[in-house]
Amino acid sequence: RAASMPYQSFNNFMKASGDFGGRDNQCYHPAADLVERLRLATGKAKSKKRKALEAEVDAGIVDSRSGGPKLGLDPHGKYWMPVGAPFRMTKDSLGRNVFA
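Residues numbered from 1 in each chain as written. Predicted model: local features only at pLDDT ≥ 70, side-chain atom pairs only at ≥ 80, totals over all residues. Heavy atoms only, no water.

### Here's the deal with the overall build of the chain
(1) Moving on: Counting its regular elements, the chain contains three helices and two strands.
(2) Moving on: Walking the chain from its N terminus toward its C terminus, one meets helices and strands in the order α-α-α-β-β.
(3) Moving on: Over its C-alpha trace the chain gives a radius of gyration of 16 Å, far above what one expects of a compact globule, namely 13 Å for 100 residues.
(4) Moving on: With respect to the principal axes defined by its C-alpha atoms, the chain has extents near 50 × 30 × 20 Å. (Helix = DSSP H or I, 4+ residues; strand = E, 2+ residues; numbered from the N terminus. Rg over C-alpha atoms; globule rule 2.2 N^0.38 Å.)

### Observations regarding a nonpolar patch on the surface
(1) Moving on: On the surface, a cluster of nonpolar side chains totalling about 360 Å² of accessible area is made up of Tyr 79, Met 81, Phe 87 and Phe 99.
(2) Moving on: The topology assignment puts Phe 99 in strand S2 (residues 97-99). (Patch = residues over 30% accessible without salt bridge, like charges linked within 9 Å, V, L, I, M, F, W, Y side chains within 5 Å. Areas by Shrake-Rupley, 256 points an atom, 1.4 Å probe, with all protein chains shown as cover. Salt bridge = Lys/Arg side-chain N within 4 Å of Asp/Glu carboxyl O.)

### Here's the deal with the side chain of Arg 39
(1) Moving on: Within the fold, Arg 39 resides in helix H2 (residues 28-42).
(2) Moving on: For Arg 39, a relative accessible area of 17% puts it in the buried group.
(3) Moving on: Setting aside residues no more than four positions away along its own chain, Arg 39 makes contact with Lys 44, Ala 45, Lys 46 and Arg 50. (Buried < 20%, exposed > 50% of the residue type's maximum accessible area, 1.4 Å probe, protein only. Contact = heavy atoms within 4.5 Å.)

### Section: the packing of aromatic side chains
(1) Moving on: Following the criterion strictly, the structure yields four aromatic pairs and no others.
(2) Moving on: Here the aromatic cluster, defined as three or more aromatic residues joined through ring pairs, consists of Phe 10, Phe 13 and Tyr 28. (Phe/Tyr/Trp six-rings, centres within 6.5 Å; stacked < 30°, edge-to-face > 60°.)

### So, the confidence of the model for the chain
Low pLDDT marks regions whose predicted coordinates should not be analysed in detail.
(1) Moving on: In this model, the chain carries a mean pLDDT of 88, and residues with pLDDT of at least 70 account for 97%.
(2) Moving on: Summarising per-element confidence for the chain, the mean pLDDT is lowest in helix H1 (residues 7-15) (88) and highest in helix H3 (residues 48-58) (93). (pLDDT = per-residue confidence, 0-100.)

### Quick look at the side chain of Asp 74
(1) Moving on: In this structure, Asp 74 sits in the loop between H3 and strand S1 (89-91).
(2) Moving on: Among the residues examined, Asp 74 registers a relative accessible area of 14% and is labelled buried.
(3) Moving on: Residue contacts for Asp 74: discarding those within four places in its chain leaves Phe 20, Arg 23, Tyr 79 and Met 89.

### Details of the environment of Ser 64
(1) Moving on: Considering the arrangement of structural elements, one finds Ser 64 in the loop between H3 and S1.
(2) Moving on: Once the C-alpha coordinates of Ser 64 and Leu 53 are considered, the two residues, eleven residues apart in sequence, prove to be 15 Å apart.

### Thoughts on the pattern of salt bridges
(1) Moving on: With the rule as written, the count across this model stands at seven salt bridges.
(2) Moving on: Of the charged contacts, one joins Asp 74 and Arg 23 as a salt bridge, the two residues approaching to 3.4 Å between their closest N and O atoms. With Asp 74 in the loop between H3 and S1 and Arg 23 in the loop between H1 and H2, the pair connects residues that are 51 residues apart, well separated along the chain.
(3) Moving on: Here Arg 96 and Glu 56 are joined by a salt bridge, their closest N and O atoms 2.9 Å apart. Of this pair, Arg 96 sits in the loop between S1 and S2 while Glu 56 sits in helix H3, and the two are 40 residues apart along the sequence. Neither Arg 96 nor Glu 56 differs from the other in exposure class; each is buried.
(4) Moving on: Each of the salt bridges in this network shares a partner with another, and the network as a whole consists of Glu 36, Arg 39, Lys 46, Arg 50 and Glu 54.

Encoded structure:
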C-alpha cells in the first residue's frame, strides 16, 4: 500500500527472478521508488554501482529506449547479429552484460 500498487501485481513482481525478471511489470518503477525511500529512511549509503550509473546519466550516457541508465543486456534476450560475427557476452566493470 505504501507504493499504491495492486497487490497481485506486486506479488508477481516479487516472484520474478533474475536481473530483468520484473522489468515489464507495472510495479517496477513504484517499487524502485519505495526501495529508494526505504534506503533514505534507514540512512544507507548508495552503492558504488549506483553512484557510477548516476555519473553516467549525468554525463549523458543513457539508454536510448528508456532515457534512464544503461543497465546492460538481458542474457535471455534475442539480438540481431551480423552473420559470422563473434558473439560473446561478457561483464563490464559495473557487472553489466555487454557484447565484447
